[in-house]
Amino acid sequence: MCEVRVAVDPGARDAPPRVRRLHDDGTPDGPVEVLADLGGVAAIEAASAPRWVLARPRSYRRLLAAGVELGRAHDVELVEGLLVAADGHFGQPHGLAAAVARLQGRVPDPDPPLADAGPPALFDAGPAADELADVVAVHAAQQRALSTAGPGMRLLAAAESAGALVAEEMTATGLPWRADVHDRLLVELLGPRPLPGGRPAKLAALAAAVDAAFGRPVNPDSPAEVLRAFARAGHELQTTRSWEIKRIDHPAVAPLLAYKELARLHSAHGWAWLRSWVHEGRFRPEYVVGGVVSGRWATRGGGALQIPKAVRAAVRADPGWRLVVADAAQLEPRVLAALSRDHALAPGEEDLYTALAAREFGGDRAKAKLALLSAMYGQTSGGAGVLLATLRRRFPAAMAYVEDAARAGEEGRLVRSHLGRTCPPARPGHEQPAAARARGRFTRNFVVQATAAEWALVLLAELRGLLRSSGSPARLVFFQHDEVLLHTPAEAAEDTAAAVRAAATTAGRRLFGDSPVRFPMQVRVVDGYDDPPPPTNGTLVGT
DNA sequence: CGAACAGGCGCC
DNA sequence: AAAGGGCGCCTGTTCG
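Remember, it's a predicted structure, so these values are computed and weren't measured experimentally. (Residues numbered from 1 in each chain as written. Chains lettered and ligands numbered in written order. Predicted model: local features only at pLDDT ≥ 70, side-chain atom pairs only at ≥ 80, totals over all residues. Heavy atoms only, no water.)

Participant: I'd love a proper account of the overall build of chain A, names of residues and values included.
Facilitator: What chain A contains, in helices and strands, is 19 helices and 15 strands. Here the C-alpha radius of gyration of chain A, 26 Å, is about what a compact globule of 543 residues would show, namely 24 Å. Overall, the C-alpha framework of chain A stretches about 80 × 60 × 55 Å when taken along its three principal axes. Residue burial in chain A is summarised as follows: out of 543 residues, 50% are buried. (Helix = DSSP H or I, 4+ residues; strand = E, 2+ residues; numbered from the N terminus. Rg over C-alpha atoms; globule rule 2.2 N^0.38 Å. Buried < 20%, exposed > 50% of the residue type's maximum accessible area, 1.4 Å probe, protein only.)

Participant: Describe the domain arrangement of chain A, naming the residues involved and giving the relevant values.
Facilitator: You can read the domains of chain A as domain 1 (5–149), domain 2 (179–275), domain 3 (283–330 + 454–541) and domain 4 (331–450). Centre-to-centre, using C-alpha coordinates, domain 1 lies 50 Å away from domain 2. (Domains from an automatic or database assignment.)

Participant: Go over the pairing of strand β12 (residues 475–479), please, and point to the residues and values.
Facilitator: Side chains on a regular strand alternate between the two faces of the sheet. When you tally the buried positions in β12, you get four out of five residues, the bulk of the element. By the bridge criterion, four bridges tie β12 to strand β13 (residues 483–489) in an arrangement that is antiparallel. For phenylalanine 478, the partnering residue across the bridge sits in β13 and is leucine 485. From the end of β12 to the start of β13, which pair antiparallel, there are three residues, and histidine 481 there has a positive phi angle of about 70°. (Pairing = 2+ DSSP bridges.)

Participant: Describe in detail the protein's contact with DNA strand B, supporting the description with residues and values.
Facilitator: What surrounds DNA strand B is a group of 17 residues, the closest being Thr240, Lys260, Arg264, Gln306 and Asp482. What you see for DNA strand B is that sugar and phosphate hold 80% of its atoms within 4 Å of the protein. Within the side chain of threonine 240, an N or O atom sits 2.2 Å from a phosphate oxygen of DNA strand B. Partitioning the surface near DNA strand B into residue classes produces four nonpolar, six polar and seven charged. (Near = heavy atom within 4 Å. Polar contact = N/O pair within 3.5 Å; in protein donor to acceptor, adjacent residues only side chain to side chain. Nonpolar A, V, L, I, M, F, W, Y, C, P; charged D, E, K, R; others polar.)

Participant: Explain the protein's contact with DNA strand C residue by residue, including any values.
Facilitator: Close contacts around DNA strand C come from 26 residues, with Ser222, Trp243, Gln379, Arg441 and Phe442 the closest. Each atom of DNA strand C within 4 Å of the protein belongs either to a base or to sugar and phosphate, the latter forming 59%. Within the contact set of DNA strand C, a phosphate oxygen lies 2.7 Å away from a backbone nitrogen or oxygen of glycine 301. A distance of 2.7 Å separates a phosphate oxygen of DNA strand C from a polar side-chain atom of arginine 441. The set of elements that each furnish at least two residues to the surface near DNA strand C consists of α11 (253–269), β10 (298–300), α15 (365–377) and α18 (433–469). A per-class count over the surface near DNA strand C returns seven nonpolar, 14 polar and five charged.

Participant: Can you lay out the pattern of salt bridges for me, pointing to particular residues and giving the numbers?
Facilitator: Counted according to the given criterion, the structure contains 30 salt bridges. Here aspartate 29 ties to arginine 21 by a salt bridge, and the two come within 3.3 Å at their closest N and O atoms. With relative accessibility at 33%, the residue aspartate 29 sits in the partly exposed group. On the basis of relative accessible area, arginine 21 is assigned to the partly exposed category, the value being 38%. Connected through salt bridges with shared partners, the residues Glu3, Arg5, Asp24, Arg51 and Arg72 form a single ionic network. (Salt bridge = Lys/Arg side-chain N within 4 Å of Asp/Glu carboxyl O.)

Participant: Provide a residue-level description of the environment of leucine 391, including the pertinent values.
Facilitator: Tracing the chain through its elements places leucine 391 in helix α16 (residues 384–394). For the pair formed by leucine 391 and leucine 372, sequence separation is 19 residues and the distance between their alpha carbons is 7.9 Å. With near-sequence residues (within four places) excluded, leucine 391 lies in contact with Leu356, Phe361, Ala371, Leu372, Ala375, Pro396 and Met399. (Contact = heavy atoms within 4.5 Å.)

Participant: For the nonpolar core, give the residues involved together with the corresponding values.
Facilitator: Counting residues in each nonpolar core, the largest one holds 115 residues, and the members touching the most others are Trp177, Trp297, Leu391 and Trp455. Broken down by element, this core gets its largest block of residues, 13 residues, from α18. Residues in contact with tryptophan 177, not counting those within four places in the same chain, are His182, Trp273, Leu274, Val278, Gly281, Arg282, Phe283, Ile307, Val311, Ala314 and Val315. (Core = buried A, V, L, I, M, F, W, Y, C linked by side-chain atoms within 4.5 Å.)

Participant: Give a detailed account of the sheet that holds strand β3 (residues 33–34), specifying residues and quantitative values.
Facilitator: Strand order in this open sheet of five strands is β3-β2-β1-β4-β5, and the pairing throughout is mixed. Single-partner strands in this sheet number two, and they are β3 and β5 (72–75). Inspection of the sheet shows strand β1 (residues 5–9) paired to strand β2 (residues 18–22) by five bridges, in the antiparallel sense. Counterpart to aspartate 9 in the pairing with β2 is arginine 18. Contacts between helix α5 (residues 131–149) and the sheet are confined to β1, β2, β4 (51–54) and β5, with β1 contributing the most and set at about 145° to the helix. (Axes fitted to C-alpha atoms, helices over the stretch in contact; angles between N-to-C directions.)

Participant: How would you explain the packing of helix α3 (residues 76–86) against α5 if you had to name every residue and give the values?
Facilitator: Where α3 meets α5, the axes come as close as 10 Å, and the angle between the chain directions of the two elements is 40°. One finds that α3 runs oblique with respect to α5. When you trace α3 past α5, the crossing you get is left-handed. Along the contact surface, α3 presents Val76, Val79, Glu80 and Leu83, while α5 presents Val135, Val138, His139, Gln142, Ala145 and Leu146. When its residues are assigned to classes, the contact of α3 with α5 shows seven nonpolar, two polar and one charged. (Parallel < 35°, antiparallel > 145°, perpendicular 65-115°, else oblique. Left-handed = near helix turned anticlockwise from the far one by under 90°.)

Participant: Please provide a residue-by-residue account of the pairing of β1, values included.
Facilitator: Most of β1 sits out of view: five of its five residues are buried. Burial along β1 is two-sided: the face carrying Arg5, Ala7 and Asp9 and the face carrying Val6 and Val8 are both buried. Both β1 and β4 contribute to a ladder of three bridges, which runs parallel. Paired with alanine 7 across the strands is valine 53, a residue of β4.

Participant: Can you lay out the sheet that holds strand β7 (residues 278–279) for me, pointing to particular residues and giving the numbers?
Facilitator: On the basis of which strands lie adjacent, the open sheet formed by three strands has the order β6-β8-β7 and antiparallel pairing. Looking at which strands have only one partner, the edges of the open sheet turn out to be β6 (175–176) and β7. Strand direction decides the pairing type here: β7 and strand β8 (residues 282–283), joined by two bridges, are antiparallel. Directly across from histidine 279, in β8, lies its bridge partner arginine 282.

Spelled out as C-alpha cells, the structure:
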C-alpha cells in the first residue's frame, strides 16, 4: 500500500498551521510548509485526500471547529500506545514528548495532564517545542515498527486513528436530546422539579415510607444505616445491593428499592444532569478513544455510556430527520466463534442464544445466554458449572480458547486481541491463588472483549468511509461498544441503514477474512431512541 | 476543609 | 437462582 501522507500541526491561536508531506515510510517528501490558515488544510484534503498524521485526537478538534473535515488519519499518540504495549512495555507514558524521548534514548517523563491543543512555542521553536518535527520523527519510527508488526497491527493502527476522527466528530455534532421530553419524564417519575439541591416529592414520600417501615429515621442513601436498620429488624445482610434486599421479607423493602431506583435516576440523569450536559438540543460527551485496556472507548462527562433506558425517549430526531439505531447481535459470542474457529457456535444470522437454547438447553434462551456469558467472563457459581460442561462438550475449540487465555493470565503470561492489542500484565502481588484466578478471569474476558472492540472500531471506520464517499448527509451521533446511532434526514434513512449493514459485513471480513461467522446488525429506523422497531420492518436484518 | 475510598448501580 | 469481565459517577464516609 502506498499512499500520500501529510503531517499536520494545526497550530494554536497565534501560530499558523504547518504541514509536511511524507513518504509512506514516514520520511519527509518536501519542506515544512506554513499555511495561511486552516483553509489550506481543507485545500490539501480536497486535492489529494492524504492520510493526515496528527499528534493526538484533540489536534482534530481545532480543524473541526474551523469546519475542516479530514478523510483519513494516523494518530501518533494513539498508535504509540498500541506499539508500546505490544512491545511488552506497560505503564509507559505514550504522549508525544515521551515518544520523542524514547527515540532519543532518554527516559520519558510521565505524560503531562491533558493540555488544550498543546500550543507550540511562538518564537524560536526549538526542537523540544517543534510539535510538527516531533510528529514527523515519531511517525517515521512507528511506520518502521508497523512494517514489521504484521497486517493486524497496521489495521488496528488505522482503525484506532479513524476512531479518533469519529470521536471528535460525534462530540462536535452532538446527540439530539430533547430537554422538554427529558423534563416530562422526570416529572412523571419523580414529581415536579424541586429547588436545586432539594428532594423531589416522590423521593421524599418513599423516604418517609422507609422511615415508617423501620419505625425510625433511616437515611436510605447510607448503606451503613440501612444495614443497621435491617439488622435491628432481624435481617443480617452483607450488603445493601438491591438483589440482596429483594430476597428478604420486610415492609421497608418495597419503598427502599423504589427509592434506590428513582434516587439513582435523579442524581445521575436528573435535572442537574440536564442542565450541565444538554445545550441547544444536543448532548456532547467527550469520547476517550482507547480509554479502556480492552480498547473500548471511555467517555468523560455526562456518563454517556450509561444512559439509562428510562430517559432514552429524550433522544429524538429533529423534525424531518430520523435516528438509525443499530446494534450488533450477540457480538461477543460471535467474536469468540470466529477467533477460535469453532463455527458451530455461530452457524448463521439467527439469534445465537435462541438457536443454542433450542439445541442444548430445552429452549431456555436465558440459560443459553448465561452459559455463554459465564464462559466469557469466567463465572463458575450459580449453576453455571453445569451449563459450562455442556458448552465444553458441544464447542470444545471455543472453550479451549477462553480457557487458554485464562491460564495465560493465571501464569502471568501476556495475551493479545486478534489484531494485536496487548493486555497489560498483572501488577505484582498476583501470586496469591485468588488474585491469580481473578487475573485469569480478566485475560479470559480480554481476548473476547478486545477483539469485539476491534470489530466495532473497524465497523465505525468503514461506516464513516461509506458515508463520506457517498456524500451522505447522515451523521454518526453516538457509539457505545457494539451499538451506533446515526442522525439522518428521513429520505436518507434507508440508505444509511444499508450502509451500517454493509460496514458490519466488511468489518467481519477485514478481521476474519473468509470466516463463515456472520455479524448481523439489528437496525431500527425510528424517531426516538426508545422506539421499538416498526412492525413492518424486520428487526433482525442480515448482512 | 478537600481528597480518597467504599458501596452501589447504570450501561455494554 | 446468584453475583462474574469492562467502565463512570453518584452519595456517604473516613482520612489527612
